[in-house]
Amino acid sequence: MSEAVLASLLQSAVNMAVPLLLAALGELVSERAGVINIGIEGKLLAGAFAAMSVAYVTGCPWAGVAAATAAAAALAAVAAYLTVVQGANQIVVGTAINLLAAGLTGVLYRAQFGVTGAALTVSGLAPLRVPVLADVPVVGAAFFEQTWLGYAAFALVPVVSWFLFSSVPGLRVRAVGEDPAAAEAEGVAVERTRLGAVMFCGVLSGLAGAYLAVVYARTFIEGMSAGRGFVALAIVVFGRWMPSGVLAGALLFGLATAIQFHFQAMGLAIPYQFFLVLPYGLTLLILALVSGRAAAPAALGVPRARGGQL
C-alpha cells in the first residue's frame, strides 16, 4: 500500500473518529455518574439537523454548531428530568428520545426543505492547518489539518481525564456512579451531579451531530447518524470507562469505517453489503470480547430520585 493511500485512509479514519469521540466522551461522563444514555443517538441526529438547518438559513456554520448544541441539550434536559428527577427507567427514556428525534427531524426536514431537500449543501467549517506538523508523512494531514471541532475532540481527552481523576467535582461524579447513597451521606448532591453529567453528554452529542452536518457531509439526510450513537455506547465499554480507552476505541471504529469505504472503492467482487456491515460487526465482536471483563460503574442504570433508591 502506497504512502498516499495510507495517508488518505488514516485521514478518513480520523475524520470518522471525531464525532464518535465527542459522543463517547460525553457518554463516558454520564455513565461515570451512573446514567446510561441510550438516547445519545437521537441527540446526535437532532444536532445534525439543527446544524444543517441553521447553517443553511444563516450561511454561518458556527451558528449551526450553536443550534446543534442547543437542540441536543434540550433533549438531554428532557431525558435528565425524567431519569434523574423522576426516576424513570433510563433505557425506556433513551429509546423514546431516539424515536422522537428520528420522527421529528424527518418531519421538520420535509417541512422546511421538501422531499428533494437531500441535495442541499451548506458551507462547512474550514480545516486549520498546523504548519510543519501537517507536513509529517502519513499522519500529518490526518491529525493536523482538522477543524476546530476536530482539535477540540482530541483536546477533550486529557481534559476529561483530568476532570474525572484529578479534580474534586470529578471525584464526586465517580462517587455518585459507584455508590450514590454513600456519596449522599458525604454531602454530595447526587441529583445535581447526575443532571450536570447528562447535560454535558447532551452538549457533546450535539457537537458530534454538528460535525456530521457542517464538516463531514455538509448536508442532512434523514437518519444520517446511522447508529453512531450506539457505536459510542460500545466505545465506552471497549474503553473500560477510561478517556484514553475511549480515544483508542473511536480511532479503531473510525478506521473500520474508513476501510469499508476504501474496499468499496476498490471494486472487489464482494457484495457491498459486506463492507457496510463491517463497523457494526466489529462493534458486536468487541462487545462480546470485552464486556465480560469490563468493570462498569456499580450504580450504572440504577434510578434514584430525591430521598434515595427507587
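Here, the structure is the one placed above.
Residues numbered from 1 in each chain as written. Predicted model: local features only at pLDDT ≥ 70, side-chain atom pairs only at ≥ 80, totals over all residues. Heavy atoms only, no water.

1. Points about the overall build of the protein
For the record, the criterion: Segments assigned H or I by DSSP are reported as helices when at least four residues long, segments assigned E as strands when at least two residues long, and all are numbered from the N terminus. Atoms counted for the radius of gyration: C-alpha only. Globule rule: 2.2 Å times residue count to the power 0.38. Classification of residues uses two cut-offs on accessible area relative to the type maximum, computed with a 1.4 Å probe and protein chains only: under 20% is buried, over 50% is exposed, and between them is partly exposed. Residue burial considers only the protein chains on display, and all accessible areas are found by Shrake-Rupley using a 1.4 Å probe. As used throughout, the charge tally considers Lys and Arg to be positive and Asp and Glu to be negative, leaving His and the chain termini uncounted. Charged side chains are reduced to one point each, which is NZ for Lys, CZ for Arg, CG for Asp and CD for Glu.
A tally of helices and strands in the protein yields 13 helices and four strands. For the protein, the C-alpha radius of gyration of 19 Å lies close to 19 Å, the compact-globule estimate for 310 residues. Projected onto its principal axes, the C-alpha positions of the protein cover 60 × 45 × 40 Å. Here the protein holds 310 residues, and 48% of them are scored as buried. By element, 70% of the accessible surface of the protein is carried by carbon and sulfur atoms, the whole surface being about 13400 Å². Here the protein holds 14 positive side-chain charges and 12 negative ones, and the gap between their average locations is 3 Å.

2. Details of a nonpolar patch on the surface
Spelled out, the test is: To count toward a patch, a residue needs a relative accessible area over 30% and no salt bridge; like charges are then connected within 9 Å, while nonpolar side chains (Val, Leu, Ile, Met, Phe, Trp, Tyr) are connected within 5 Å. When a carboxyl oxygen of Asp or Glu is within 4 Å of a side-chain nitrogen of Lys or Arg, the pair counts as a salt bridge.
Residues Trp62, Leu128 and Trp148 make up a contiguous nonpolar surface patch of roughly 350 Å² in combined accessible area. Along the chain, Trp148 turns up in helix α6 (residues 148–166).

3. Here we look at α6
As a reminder, the rule being used: The length a helix should cover is 1.5 Å for every residue beyond the first.
Over its 19 residues, α6 runs 26 Å from end to end, which matches the ideal 27 Å to within 8%, given 1.5 Å per residue. Among all positions of α6, only Leu149, Gly150, Tyr151, Ala153, Leu156, Val157, Val160 and Leu164 are buried.

4. Description of the environment of Gly245
Note the cut-off: Any two residues whose heavy atoms approach within 4.5 Å are treated as being in contact.
Position of Gly245 among the secondary structure elements: in helix α11 (residues 243–265). Once the C-alpha coordinates of Gly245 and Ile235 are considered, the two residues, ten residues apart in sequence, prove to be 8.1 Å apart. Other than its neighbours up to four places away in sequence, Gly245 contacts Phe238 and Gly239.

5. Quick notes on the pattern of salt bridges
Counting across every chain of the model gives three salt bridges. Between Glu222 and Arg110 there is a salt bridge, and its shortest N-O distance comes to 2.9 Å. Here Glu222, found in the loop between α9 (190–216) and α10 (228–238), pairs with Arg110, found in helix α4 (residues 90–113); they are 112 residues apart in sequence, far enough to count as distant. The exposure class assigned to Glu222 is partly exposed, which follows from its relative accessible area of 36%.

6. Regarding empty space enclosed by the protein
Inclusion rule: Grid points spaced at 1 Å and placed over the protein atoms alone form the basis of the search, with a cavity being a set where a 1.4 Å probe fits but cannot get out and a pocket an open set showing protein on both sides within 12 Å along at least five of seven lines. Lining residues have an atom within 4 Å of a point. Grid points are joined across faces, edges and corners, and a volume is the space filled by probe spheres set on the points. Each residue is assigned to one class: nonpolar for Ala, Val, Leu, Ile, Met, Phe, Trp, Tyr, Cys and Pro, charged for Asp, Glu, Lys and Arg, and polar for all the others, Gly among them.
Per the counting criterion, the structure on display carries one cavity of 30 Å³ or more. Each pocket or cavity is described by its volume, and for the largest cavity that value is around 60 Å³. Residue assignment for the lining of the largest cavity shows that the elements contributing at least two residues are α3 (61–85) and α4. Here the lining of the largest cavity takes three residues from α4, the largest share from any one element. In the lining of the largest cavity, the residues fall into six nonpolar, five polar and no charged.

7. Notes on the layout of surface pockets
One number sums up the size of the largest pocket: a volume of about 350 Å³. Around the largest pocket, the lining comprises 18 residues; the ones closest to its centre are Met16, Ala226, Arg228, Thr257 and Tyr280. Those elements that place two or more of their residues in the lining of the largest pocket are α1 (3–32), α9, α10, α11 and α13 (278–290). The dominant element in the lining of the largest pocket, judged by the number of residues it contributes, is α11, at four residues. Of the residues belonging to the lining of the largest pocket, the class tally is 14 nonpolar, three polar and one charged. As a volume, the second largest pocket reaches approximately 220 Å³. As for the second largest pocket, its lining consists of 13 residues, of which Pro169, Arg172, Val173, Arg192 and Thr193 are closest to the centre. Secondary structure elements with two or more residues in the lining of the second largest pocket: α7 (168–178) and α9. Tallying contributions element by element places α9 first for the lining of the second largest pocket, with five residues.

8. Considering the environment of Tyr56
Within the fold, Tyr56 resides in helix α2 (residues 40–58). Judged by relative accessible area, which is 38%, Tyr56 ranks as partly exposed. The sequence separation of Tyr56 and Val122 amounts to 66 residues, and the corresponding C-alpha distance is 5.4 Å. The residues touching Tyr56, leaving out its near neighbours within four places in the chain, are Phe113, Leu120, Thr121 and Val122.

9. Focus on unusual backbone geometry
The residue Val138 is not glycine, and still its phi comes out positive at about 70°. Tracing the chain through its elements places Val138 in the loop between β1 (128–129) and α5 (140–144). Exposure remark for Val138: the relative accessible area of 26% places this residue in the partly exposed category. At Arg218, a residue that is not glycine, the phi angle is positive and equals roughly 60°. Following the sequence through the fold, Arg218 ends up in the loop between α9 and α10.

10. Focus: the packing of α1 against α9
We count it as follows: Here an axis means a line fitted to C-alpha atoms, over the contact stretch when the element is a helix, while the angle between two N-to-C directions is reported on a 0 to 180 degree scale. An angle below 35 degrees is read as roughly parallel, one above 145 as roughly antiparallel, one from 65 to 115 as roughly perpendicular, and any other as oblique.
Running from amino to carboxyl end, α1 crosses α9 at an angle of 170°, the nearest separation of the two axes being 7 Å. What the angle tells us is that α1 and α9 run roughly antiparallel. For the pair formed by α1 and α9, the contact residues are Asn15, Met16, Val18, Pro19, Leu22, Ala23, Leu25, Gly26, Glu27, Val29 and Ser30 on the first element and Ala197, Val198, Phe200, Cys201, Leu204, Leu207, Ala208, Tyr211, Leu212 and Tyr216 on the second. Residues belonging to the contact of α1 with α9 are distributed by class as follows: 17 nonpolar, three polar and one charged.

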